[in-house]
Amino acid sequence: MTKVASPISTGGAGSDYEKQVGAYYLVALLLQSVPRGQDAGVTREVRFQRLYEGEPLDDLIIVSELPVGEAKLALQIKRDLIFGEKDKTFNEVIQACWETFKSTNFHIGIDRFGIGIGLYSKKIDEYYQSVLTWARTSTDADDFLKRINQAGLANNTQRSFVQLIRGILDSYSGSSVTDDEIWNFLCSMVILYFDFQRDGSRDYSYSVEMVSHLLNAEKKAESPQLFTEVVNLAAEANRTAGSFNADILTQRLQAKFSLLSPIDCRSDLEKLRQESGFALNDIRVDIGGLSLSRTELTVSALEKLSEASLIEIVGLSGVGKSVLLKTLVEHQRGEGPVLVISGDRITGAGWSSYASTLQLKQPLNKLLIALSGSFRPAIFIDGVDRIVDIGKRAVVNDLLRTLAAVPLSEDGSRSWTVVFSAREENLQEVYRWLNWQPLGKPTRLQVPELTAEELQSVVKYSPRLKPLLSLSQLSPILKNPLMLRLLEDPRMLPNSGDLPPVATEIEISKVWWDRLVGNEGSVPGRDRKSSLLRLGKQVVKSPGKHFTVEETVPPESIISLTADRIIVQDSDREVYRFDHHLLEDWVMYRLLDQRREELPAYLQELDEPLGLYRAVQLLGLALLENSKTANSWIQLIEQVEQASELSSRWRQALLTAPLVSPRSSELLDKAEQLLIADNARRLIELLVAVRTLEVMPNFSLMSPFTEAELQSSDRVMPLLMSDPIPRWSVWQPFMGWLLKRLNNLPVGIRPEAARLMEIWQTKTPAKAIYKREIGEIAIAWLEEEGEKEEVRRG
């Protein structure tokens, strides 16, 4: 039994660090915000040095109020702590965590315990924290330990941390702890870094800024003195094993400061937490039941999260952008609440309308303050490029403008981070409407395709996919997580001897349509296809939006399509969406194909929604891939060209279709007849499209702008696009095709080809592919022009 000590001895009367951390939670108490280390509830009471009450982790007990009941966070505060089995202090802290965990007063899944540390550790932040996140996001102990122990999913640092904790607990308890116990223990544990010992402390600056919201505008200059007084009260409570609730703390401070009453955000915070949960639940993270952790990618993302104010998660369709965003959200929830907005779930026109839909009562700026207690407070927007409605875009921009108006520190040492996911090809459009300028230069996080090691982990879990690895033509498909998940379904590839061509997205979509949608189960495949096309007729009018089910669609088809996760019902409403936007694109392209002979009129009838761009591109791609000639593709382009009232984007979508296929060189060969006709007019158009559309903004050009000038996107975006960054996945195969035949093409294309070659030469590394070939072509052209000049003079 632990001997009860005097509060003076346990309180460490001279510990500045402990009292500053205590003051941090007292600020949360004054503001009635969510306490750091919990992801729900508002701070109701802060208790100091509770060993005499039998609390093993006695430094701080933070009680928060939930919609039903309460939650406790028990913390041991250590300025410096070495995480290792031979460190006596660390062993004692973990033993105290175990006693807290095994207490009859501890509620698993609600209460948390852990350590507040004063020295930053990259290993803790990037690897140990990820172990705690994995525990919280695993379905059970077996799922968690399988992920931790499987090579390729977790690394040795993560495994060694679990072994370290387990070893200490085994030794202390005198027997082996069960798998369920170690899993629940890690689910409940938090490790929180407070930087009060650091010069230019962000936690100090944040605390001073937050208490300023409790003062009248003319008294805000007194916020440093107010926080100092809060620290003094924390020190007093630390010495005397005291405690504070909001009323008592406010009364003590009112003697020196006139404080405003905090706004009660409890109900609104719970509604935002539920909405964030709905958005996250829409994101499927497994491949046939296996959750790929992609540890090194996550570590890289966490590094960027600690450094940047605006992070763009970009990549190809189906590569796992939303999954990475969800992983970061789950990591952040270990520290505090997180606001998640889904581009598919936003409603209304502007924040006020969206807030009304969610039945929020408090102003946005007050809600942001209540959500800001984490060391790196962040807001996540999944699928920002799928927000095409002007009113919905206003929701996001209202949020970003309010963020800029609610600073988290006067010196800028702490700020909000906004993380969004988007398809790489849509970034240009996103930055045209997104109010990104107050957040500064974006940091890009490129989500790659699966590595060979990750692919092997999937195959090990699902051996039926193994025969596909030997087929080199499938490489582009197998490295894409979504495509791999679709192929994992036994109905897609019933046996290894029955392999249809699945080397491209179009081929995968055909197999999906014929074998999965058309599967003959309890509902005939013909009926499932017909029902999906009827639903598609709703979606094609407003791509990306949820849809309702009309009476003409048989209920049994909806049940069947939902069971196969082709469509998904909203968590709290009788509305549906496609399980992945890629599936939505596939259905829309099939619907457009049905109206191909009258496509221009149909697009006009639909009011030319921007969200149809990729479906039109897929239609063009299918016409090229599925025919021996390019005649159907040519006819459709000519048909669209003749409809002068149509936006030029549809011609561009069809013209660039060959570029988005892994068979782009083959398809460009097939399309060459059309491209070089009429003095290569359409090839020149394609070159312009590659230069202007298949590029991303160059944010390195931001430096000349003042903060005021950055607010005008009319000036900024043209400059950022004046020297853009190519989308290499499109440019590299296209340049390879172009350079091989450039000297045999009409000379009229040379000015535009030269622009592409110049961008390639200036934007690629010194020894990049095609640099030498471009140089040789340029020299030959110069020599040719010189000979012509001599002829003219002679």
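Residue indices follow the written sequence of each chain, beginning from 1 at its first position. In keeping with the predicted nature of the model, local features appear solely for residues at pLDDT of at least 70, side-chain atom pairs appear and are counted solely at 80 or more, and the whole-chain, interface and lining totals rest on all residues. Hydrogens and water are ignored here; the side-chain numbers use all heavy atoms of the structure.

K.L.:
Describe the sheet that holds strand S5 (residues 189-193), and please don't skip the residues or the numbers.
P.N.:
Strands pair, by our definition, only if DSSP identifies at least two bridges between them. A run of H or I in DSSP counts as a helix once it spans at least four residues, and a run of E counts as a strand once it spans at least two, with each numbered from the N terminus. One open sheet accounts for six strands, arranged S5-S4-S3-S2-S1-S6; its pairing is mixed. Every interior strand has two partners, whereas the edge strands, S5 and strand S6 (243-245), have only one. Here the average twist between neighbouring strands, direction ignored, is 25 degrees. Relative to S5, strand S4 (residues 112-117) is paired through five bridges, and the arrangement is parallel. Along S5, the bridge assignment pairs phenylalanine 113 with methionine 189. Helix H7 (residues 179-188) contacts S4 and S5 of the sheet and is inclined by roughly 30 degrees relative to S5. Axis geometry follows a simple rule: fit a line to the C-alpha atoms, using only the stretch in contact for helices, then measure angles between N-to-C directions, giving values from 0 to 180 degrees. Only heavy atoms matter for contacts: two residues are in contact if any of them lie within 4.5 Å across the pair.

K.L.:
Can you explain the environment of alanine 135? Please cite residues and give values.
P.N.:
Mapped onto the elements, alanine 135 comes out in helix H4 (residues 122-136). When the C-alpha positions of alanine 135 and leucine 186 are compared, they lie 6.1 Å apart, and in sequence the two are 51 residues distant. The contact partners of alanine 135, leaving out residues within four places of it in the chain, are Phe144, Trp183, Leu186 and Cys187.

K.L.:
Go over the environment of aspartate 489, please, and point to the residues and values.
P.N.:
Tracing the backbone shows aspartate 489 in the loop between helix H21 (481-488) and helix H22 (505-517). For each residue, the accessible area found with a 1.4 Å probe, counting protein chains only, is set against the maximum for its type, and the residue is called buried under 20%, exposed over 50%, and partly exposed in between. Residue aspartate 489 is classed as buried on the basis of its relative accessible area, which comes to 17%. Along the backbone, aspartate 489 and glycine 118 are 371 residues apart, and their C-alpha atoms lie at a distance of 49 Å. If near-sequence neighbours (up to four positions away) are discounted, aspartate 489 is found in contact with Arg464 and Leu516. In protein, a polar contact requires one atom able to donate a hydrogen and another able to accept it; more generally it is a pair of N or O atoms within 3.5 Å, and residues adjacent in sequence count only if both atoms are side-chain atoms. A polar side-chain atom of aspartate 489 sits 2.9 Å from a polar atom in the side chain of arginine 491.

K.L.:
Please provide a residue-by-residue account of the sheet that holds strand S13 (residues 443-446), values included.
P.N.:
Spatial ordering of the open sheet is given by S10-S11-S12-S9-S13, a layout of five strands whose pairing is parallel. At either margin of the open sheet sits one strand with a lone partner, and together these are strand S10 (339-342) and S13. For this sheet, the mean inter-axis angle between neighbouring strands, taken without regard to orientation, is 20 degrees. As paired strands, strand S11 (residues 378-382) and strand S12 (residues 417-423) are joined by four bridges and run parallel to one another. Paired with alanine 378 across the strands is threonine 417, a residue of S12. Relative to the sheet, helix H16 (residues 390-405) contacts S10, S11 and S12, its axis offset from that of S11 by approximately 165 degrees.

K.L.:
Quick one: what's the story with the pattern of salt bridges, residue by residue and with numbers?
P.N.:
Side chains that differ in charge, positive against negative, can pair when their charged atoms come close. Should a side-chain nitrogen of Lys or Arg be within 4 Å of a carboxyl oxygen of Asp or Glu, the pair is scored as a salt bridge. Summed over all chains, the structure comprises 62 salt bridges. Arginine 386 is the salt-bridge partner of aspartate 344, the closest N and O atoms lying 2.9 Å from each other. In this pair, aspartate 344 sits in the loop between S10 and helix H14 (351-358) while arginine 386 sits in the loop between S11 and H16, placing the two residues 42 residues apart along the sequence. Accessibility classification places aspartate 344 together with arginine 386 in one group, the buried group. The structure contains a network of salt bridges with shared partners spanning Glu641, Arg651, Asp678, Arg681, Arg682 and Glu685.

K.L.:
Mind laying out helix H2 (residues 16-31), listing which residues take part and the relevant values?
P.N.:
The end-to-end C-alpha distance of H2 is 23 Å, a good match for the 22 Å that 16 residues give at a rise of 1.5 Å each. Counting buried residues along H2, 13 of its 16 residues qualify, which places the element largely inside the surrounding structure. Positive phi shows up at glutamine 32, right after H2, with a value of about 55 degrees. Working rule for helices: expected span equals 1.5 Å times residues minus one.

K.L.:
Tell me about H14, and please be specific about residues and values.
P.N.:
Buried within H14 are the following residues: Trp351, Tyr354, Ala355 and Leu358. Down the axis of H14, the sector holding all buried residues measures 100 degrees, keeping them to one side. For H14, exposure combined with an orientation more than 90 degrees from the buried face picks out Ser352 and Ser356. Along its buried surface, H14 packs onto helix H11 (266-281), S10, helix H15 (364-370) and H16. Just beyond H14, the residue with positive phi is glutamine 359, at close to 65 degrees. The arc in question is the one spanned by the directions pointing from the helix axis to the C-beta atoms.

K.L.:
Help me get a handle on the packing of H4 against H7, residues and values and all.
P.N.:
One can describe the packing of H4 onto H7 by two numbers: an axis separation of 8 Å at closest approach and a directional angle of 115 degrees. In this view, H4 runs roughly perpendicular relative to H7, as classed from their interaxial angle. H4 and H7 meet at a crossing whose hand is left-handed. Residues Val131, Leu132, Ala135 and Arg136 of H4 form the contact with H7, whose own contacting residues are Trp183, Leu186 and Cys187. When residue character is reported, Ala, Val, Leu, Ile, Met, Phe, Trp, Tyr, Cys and Pro are called nonpolar, Asp, Glu, Lys and Arg charged, and the others, Gly included, polar. Considering only residue class, the contact of H4 with H7 consists of six nonpolar, no polar and one charged. These descriptions rest on fixed angle ranges, namely under 35 degrees for roughly parallel, over 145 for roughly antiparallel, 65 to 115 for roughly perpendicular, and the rest for oblique. Each crossing is labelled by how the near helix is turned from the far one, with a counterclockwise turn of less than a right angle marking it left-handed and a clockwise turn marking it right-handed.

K.L.:
Please provide a residue-by-residue account of unusual backbone geometry, values included.
P.N.:
Within the chain, alanine 241 stands out as a residue other than glycine whose phi angle is a positive 55 degrees. Tracing the backbone through its elements, the reader meets alanine 241 in the loop between helix H9 (223-240) and S6. Residue classification places alanine 241 among the buried residues on the basis of a relative accessible area of 7%. A positive phi is found at aspartate 678, a non-glycine position, where the angle reads about 55 degrees. Position of aspartate 678 relative to the elements: it lies in helix H30 (residues 664-692).

K.L.:
Give a description of the state of the cysteines that names residues and reports values.
P.N.:
To count as a disulfide, a pair of cysteine sulfur atoms needs to be within 2.5 Å. The full count for this structure, using the stated rule, is zero disulfides. Sulfur of cysteine 187: no disulfide; nearest cysteine sulfur belongs to cysteine 97 and is 14 Å away.

K.L.:
Provide a residue-level description of the pairing of S5, including the pertinent values.
P.N.:
A large share of S5 lies buried, amounting to five of its five residues. Here S5 shows two buried faces, one formed by Met189, Ile191 and Tyr193 and the other by Val190 and Leu192.

K.L.:
Talk me through empty space enclosed by the protein; I want residue IDs and the actual numbers.
P.N.:
A cavity, in this analysis, means grid points on a 1 Å lattice covering only the protein atoms where a 1.4 Å probe fits yet has no way out; a pocket is instead an open set bounded by protein on both sides within 12 Å along at least five of seven lines, and a residue lines either one if it has an atom within 4 Å of a point. Grid points are joined across faces, edges and corners, and a volume is the space filled by probe spheres set on the points. The final tally for this structure, using the stated rule, is four cavities of 30 Å³ or more. The space that makes up the largest cavity amounts to roughly 170 Å³. Every residue lining the largest cavity is counted, 19 residues in all, and those nearest its centre are Asp39, Ala40, Leu269, Glu270 and Arg273. No other element matches H11, which puts six residues into the lining of the largest cavity. Partitioning the lining of the largest cavity into residue classes produces eleven nonpolar, two polar and six charged.

K.L.:
Could you give an account of the packing of aromatic side chains, with specific residues and numbers?
P.N.:
Aromatic rings from Phe, Tyr and Trp, with only the six-membered ring used for Trp, were paired whenever their centres fell within 6.5 Å, and each pair was classed as stacked if the ring planes differed by under 30 degrees, edge-to-face if by over 60, and tilted otherwise. Under the definition given, this model contains 30 aromatic pairs. Arranged with centres 6.3 Å apart and planes meeting at 65 degrees, the rings of phenylalanine 101 and phenylalanine 113 form a pair that is edge-to-face. Of this pair, phenylalanine 101 sits in helix H3 (residues 88-102) while phenylalanine 113 sits in strand S4, and the two are twelve residues apart along the sequence. Side by side, phenylalanine 101 and phenylalanine 113 carry an identical accessibility label, which is buried. For the pair phenylalanine 113 and phenylalanine 185, a centre-to-centre distance of 4.9 Å together with 45 degrees between the ring planes defines the contact as tilted. Taken together, the residues phenylalanine 113 in strand S4 and phenylalanine 185 in helix H7 connect sequence positions 72 residues apart. Accessibility assignment for this pair places phenylalanine 113 and phenylalanine 185 in one class, buried.

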